[in-house]
Each structure stands twice: as C-alpha cells, then as structure tokens.
There are 2 protein chains.
Amino acid sequence: MSDTQQQNTARLDEEEARRQLLELAEEFYDQFEAGDIPEMTLPTRTKSNIVFDEEAGVWVYGDRTSTRSANSVRGARKLLKAVYAVEFLAQQLDEDRSSTLRELYYLSESWDSEEAQFTSQDESNQLIEDLEIVSGVTREDFHMRPEESGAKVMGPLLLREQTRRGDREIHCQDDVGQGGYQIPNNPDTIEFLDNDAEFVLCVETGGMRDRLVENGFDADRDAIVVHLGGQPARATRRLTKRLHDELDLPVVVFCDGDPWSYRIFGSVAYGSIKSAHLSEYLATPEARYVGIRPQDIVDYDLPTDPLSDSDVNALESELEDPRFKSEFWTEQIELQLDIDKKAEQQALASQGLDFVTDTYLPERLGEMGVL
Amino acid sequence: MSDTQQQNTARLDEEEARRQLLELAEEFYDQFEAGDIPEMTLPTRTKSNIVFDEEAGVWVYGDRTSTRSANSVRGARKLLKAVYAVEFLAQQLDEDRSSTLRELYYLSESWDSEEAQFTSQDESNQLIEDLEIVSGVTREDFHMRPEESGAKVMGPLLLREQTRRGDREIHCQDDVGQGGYQIPNNPDTIEFLDNDAEFVLCVETGGMRDRLVENGFDADRDAIVVHLGGQPARATRRLTKRLHDELDLPVVVFCDGDPWSYRIFGSVAYGSIKSAHLSEYLATPEARYVGIRPQDIVDYDLPTDPLSDSDVNALESELEDPRFKSEFWTEQIELQLDIDKKAEQQALASQGLDFVTDTYLPERLGEMGVL
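Scope of this entry: the structure provided in the associated data block. (Residues numbered from 1 in each chain as written. Chains lettered and ligands numbered in written order. Predicted model: local features only at pLDDT ≥ 70, side-chain atom pairs only at ≥ 80, totals over all residues. Heavy atoms only, no water.)

All right, on to the sheet that holds strand β7 (residues 152-154) of chain B then. Whenever strands of a sheet pair, they do so through backbone hydrogen bonds, lying parallel or antiparallel. All names here are of chain B. A sheet is described by the order of its strands in space; here six strands give the open sequence β10-β7-β13-β12-β14-β15, paired in mixed fashion. Sheet topology places β10 (181-182) and β15 (288-291) at the edges, where each strand pairs with a single neighbour. The pairing of strand β14 (residues 251-254) with β15 spans three bridges and is parallel. Paired with Val 253 across the two strands is Tyr 289, which belongs to β15. (Pairing = 2+ DSSP bridges. Helix = DSSP H or I, 4+ residues; strand = E, 2+ residues; numbered from the N terminus.)

Shown next as structure tokens:
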C-alpha cells in the first residue's frame, strides 16, 4: 500500500467515526421533530448481562437493554451531556486532534451549558463507553487517548507508524535500543511491512522481558516479544490481536503462576468484563498459556510461596468462571489448590539465568507445537 | 569519541567495578590472614543518619557507621552472603551478563552453601545497596538491572546507545514513533551525539506527556520532553542528570499540584532517602519546578479538589523537610494549606487543549528565564 493510500484509509476511518457520532445526534433531532421524547438504547452494562460467546471465545453483552430517555430531568441531562460530547468529538476529529479521558472531563468545564458539565470523571468515562457501544466505533477512533500507555515490543518485525510528523519505518530489533519499540496509544496507526517471526510471546514482567532480550531469545527463536507490564493496556492487547490476525502468528502468554496472572492471560485471550463491547477488537481467543503452570512448579521444582487467602478465593472464583472452564485450566487450578503454592516467572532463575531460554521455554513451546 | 574508544571506556568501567568488588573479598581474606575477625563498615542506613548536604543540594549519609562483624553467627552469615554475592557479580561482569535483583534472590537457591542463600528479597536487595556503598560502584555498573523500567524521551536529541547487538544511533524525534525513545535500564550505555535543545522538561503524567507531544511542544520550543511516569525510575533520573550536566541544559519539572508530586520533584532534584548514597549520580539539584504551583491554582482559576487529611499531613511534613526549606516552597506550601485545594496538570484542559502549550508553559518558562 502506498503512503497516500494508507493515509486515505486512516482518513476514511476518521470520517466514518465522525459520521457515526453525528448520526446519533441526528437521531435525537428526528425524535424531537416527530414529537417523540428523545431516547437512546444501550445494552445493560452490568455483570449479569455479560455472556461468554462460546463460538467466538470472548465476552460479549447479553440481550438485556436499558433506555436513557429525556422523560426525567436525570435522563434529559444524560442525553444533553451526550450531545455536547458528540459535538466535541466531531470537532476533534475534524481538526485531527486527540485528547485523554481526563482532559474531556476537565474540558467540559468550558462548555456553555452548566447542565452539560460532568460532575465526575466516572461520568465522562462511562459516557465515552456508551458512545463506543452505540456507534460501534472505538474510543481510539474518536481520538480519545488512554492514560495508560502501551508497552514495548522487541522482535524481527518491520513496521510503519503514521505519526503526526510523518511516517516512520522502524525495525523492532535493528532500529531500537535495548528498551525496544514503544507501542503508540493507537496501534491502528501501525502497518506491518515485513517480518521473520515464528510466533508472538507476551511476557508479564519487565524483569523476564529483559532476561529474554538479554539472552537473545527473540533473535534465536524468531519471536516477537511483547511486554505486557502487568494488566495490559488496550493498545497492547490490540497490537497482539493484530499480530495474530494479520501476520497469522501463534500467540503464547508467559506469566507468573498465580491466579492474578491467569486473569492477565484471560484479558489477552478472552477480553475483560469492562470492555466486553470491544472483545472482537481487543481479544485474541487463539492465545495460549505457556506458563508458569502449577504443573511447572512440580515438574521444575521451582521456589514457591504459599497461597494466601485471597489467592485461594481468586482460584476458586476462576473455577466458576466460564472463561476458565476448559480441561487445561480446571486441572491446573485444582492442582494449584492442592499443592497450595504459587511461583513467579523469575523463580526459573533458581536454575541459572539461561534456564528459561535454554530449557524451560523450548520444552514448553515444543510440547505446545509452537517450536 | 570513536566506537572503539567508547567501548574501551565501557569495558574499563566494568573492570573497575569488578576490581572494587574483588577488593572487598580480598579485605576479608587479609583480615583472616592477620588473625582478625572479618568485618565490614558501612554508614548507618537509617533516616536519622541522612543529612542534607547544603552545598551539593542533595541528601547524603551522615557520619554514623555500623560494623558487620563475623563475631556472631548472624554477622558471619551476612558476610558469607556478601562473599557469595561478590563472586556471582564478578562472574557476571566477566561474562558480560546482567540480572535483576529478583533473579539474584532466586539464584541464591543454587548456591552450594545453604547458609549463604537469601531468606527474603529484602535481604538481597539490601546487600546490593550495601555493596554499592562499600565499593562506590553503582548497581548498574554491577550489571544489576532494576525491575522498573525507565520512561521515554521525545525531543531534538541524537544519541548512540550501546546494545548487546551493536550500537544504535537514534534521533529522539525522527527515528521513533509517537511513543518516543524508550530509556534503557542503564542509561550510561547512551552517548549524546548532537542536539538542538534549549531545555529539558520532565513531565509527571502520561496524559500530559502525550498532550505536549501532540501539540508539538518539543519541536516548537526545542525541548527534550522526558516522561517521568509518577515516581521516576533510577534510569530516568540518571538520564535527566546527564542531560543537564553533559549538555548544559536547564531542567524543569512539570507535575500535578499536590504534595505527592512535590516529592516527585524532590526525588529528581535532591535525591531520595532510599538512594542517598547515589545522590551525586542520580540527583539534579539545579532542576526547577515549573508547576502546577498552588499560585497557579489561584492565577489560572483551575478546577480543583479539596485537600484530604493525608494531603495536609504530607504538606506539613514537607514544611519541616530541609529539601523544601526554600522561600519558594515555604510560600507555595503555606498558600496551598490556606486555599485548601489541589489541582492536576490536566486541569489546564479546562481552558482548552492548547492552553498548556500556548499560554501556561510559555508564561511560566518566561518568568523562570528558560524561554
């Protein structure tokens, strides 16, 4: 794709986002004109209306809907705020600007109607999520930037990022320092140009990411190493999904061996309850868990800590979670409750600094058919 | 400096670090040989032995010392652990490897003497700090990597980073994406080649960092924008200091207007109690605070939150803190207690998205003589 084509595509997306937003305002207008009380219908956004789509393997909203109607002062105020926000977003897209959720909250102080100003950031955050759902356009396409930034990538991948200062071609090994390539807030500004990768390895902790890079694992095994940095930002999850879908690369996730890390895997693979309307955009249901498995604690005799009460509760709630209802997870979680132990990724260092790259990952990835 | 010279310098530093470590072990050996009970003397590392060096403008250790002697089982065990750690570090330097503090803790499980194994990570962390103090060599020069990674840089700066895969020349505007240049764990692997910068602007939050980059502030004002990301990592503070000392650039710090952010400024400018032995290496006493000042809350009529009890306590303790004993800070902190308000950086958005770059920063930096 040439530079001009690429920019046209991005530009069309922005126009599409703008159109979808203005359509929403138009709907209110039409309702007024027809003498109806304006209203907006949304899927009910509570935990009880989240269902696991077995076929797609991700979380989505169920069938229940709620209606925001102007037939009460409270409802009318919500719609007023929505209209002001739509106007701001449409203008932002028109000027090719962007802003953060926090800035939107503060910006509302400058709006001429005091009734339209947000009283808390929760309110403006939720409105943006509502607009995402109603318009089917993601926050990133409205040019709303997240506060949390994406993590970093190291591997045999050549990409082109559209920045506000022109396009940048970056090879994620040859053109970056030891710290790697920093994922931008909106990874859809990235085009993948070329790669020699065999798979994508998402890594929870910075210490382990640095270990893999120091040991040259990305170069020796043709792996794109994506640092998750704990619970991954939307940008990190989106990039991971695109690496899978567009480059047809298997994705494996490497975390600590405790229930909180299984949730990190879950948010990469199945999506989160908070962003269930975006599962198709963010989740990679084909992602697989490489470890640390409770089985690894036993097999590799890793240094461990005992499970705390909250670890046990979290494991028990995962046993009830449809996302973890597979044979693999049931076995592993029951084993963990049984041995009453957890272990960190870096515990592999107890067998030497090269153990993870020379022994553990090759063995596990071999078993999984990735290597 | 040519590539070869640069590499020789780095190599010499490693040899120097190795020599300093082995000297410590030699000292124990000499003590044994002379029939003395081996011991190691350290500055007492408690809050009461931290003094503010008025001349250097940074925190340093006072005159009190503690002695670790092998005349008790507990003391002997400490020295044994130190000797094992020295051996590991010397070998690591010899092989040009590196490791994290967490890995060191786990690695000790593979040591042949069970008495030498660490019982907690606090213990191994403290030992490394002890070795830093005794040897006068920083952890980074032992090749101990931090868990926390450095933040990112955007600005008119061309640098060369020595990586394990060869040198990389990177311009921190032209060769990076919107996310900027990722600071490596050890920023002393960076050589500054060229720059068109007028000053360094350290920014607390990711949202504000992204705002400045989107508005092109780094390009328009020839600023090197360093993202602190909350309490800055050692790598970020070290790089900031080097930008000041080697490029002779003024450093200004831009944070939220609350007591916790003043502490972030303090750690950049004066050093922290935890790393008082490294203040000369990490702190930039010439750094100045651009805002948000309590005075700005008044002057710019910013959206605010009331102070919480813990905010008030933190402000009162800052009034007693020698680092904040200047006229500037006394006035500002007393004003803040008086108006009972705090404001975030992003609150400037209440006057529009360009207010910070078109009005606020130019005004403040003008007053400070930076612009």
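Okay, the relation of the copies chain A and chain B next. For the pair chain A and chain B, the superposition axis carries a translation of 0.0 Å, the fit reaches an RMSD of 0.0 Å, and the rotation angle comes to 180°. Both copies are brought into coincidence by an operation consistent with a two-fold rotation axis. In terms of proximity to the rotation axis, the leading residue of chain A is Gln182(A), whose C-alpha is 3.3 Å off the axis. An overlap of 100% is found between the interface residues of chain A and their copies at the interface of chain B, pointing to a shared contact surface. (Least-squares fit on C-alpha atoms with pLDDT ≥ 70 in both. Contact = heavy atoms within 4.5 Å.)

What follows is about the side chain of Arg237(A). Checked against the element boundaries, Arg237(A) lands in helix α7 (residues 234-247). Beyond its immediate chain neighbours, meaning those up to four positions away, Arg237(A) contacts Pro232(A), Ser267(A), Val268(A), Ser272(A), Ser275(A) and Leu282(A).

This part covers the packing of aromatic side chains. In this description, an aromatic ring pair is defined by two values, namely the gap between the centres and the angle between the planes. Applying the stated criterion to the full structure yields 34 aromatic pairs over all chains. Ring geometry for Tyr270(A) and Phe324(A): centres 6.1 Å apart, planes at 90°, overall edge-to-face. Pair noted here: Tyr270(A) is in the loop between α8 (259-269) and α9 (279-282) and Phe324(A) is in the loop between α11 (309-319) and α12 (327-339), with a separation of 54 residues, a long-range link. Each member of the pair Tyr270(A) and Phe324(A) is classed as buried. Taken together, a centroid distance of 5.8 Å and an interplanar angle of 75° make the contact between Tyr300(A) and Phe355(A) edge-to-face. Pair noted here: Tyr300(A) is in the loop between α10 (294-299) and β16 (305-306) and Phe355(A) is in helix α13 (residues 355-367), with a separation of 55 residues, a long-range link. Given a relative accessible area of 12%, Phe355(A) falls into the buried group. Taken together, the ring pairs in this structure connect Phe52(A), Tyr262(A), Phe265(A), Tyr270(A), Tyr289(A), Phe324(A), Phe328(A) and Trp329(A) into an aromatic cluster. In this arrangement the basic side chain of Arg242(B) is found over the ring face of Phe192(B), its NZ or CZ atom lying 4.8 Å from the centre. (Phe/Tyr/Trp six-rings, centres within 6.5 Å; stacked < 30°, edge-to-face > 60°. Buried < 20%, exposed > 50% of the residue type's maximum accessible area, 1.4 Å probe, protein only. Lys NZ or Arg CZ within 6 Å of the ring centre and 35° of its normal.)

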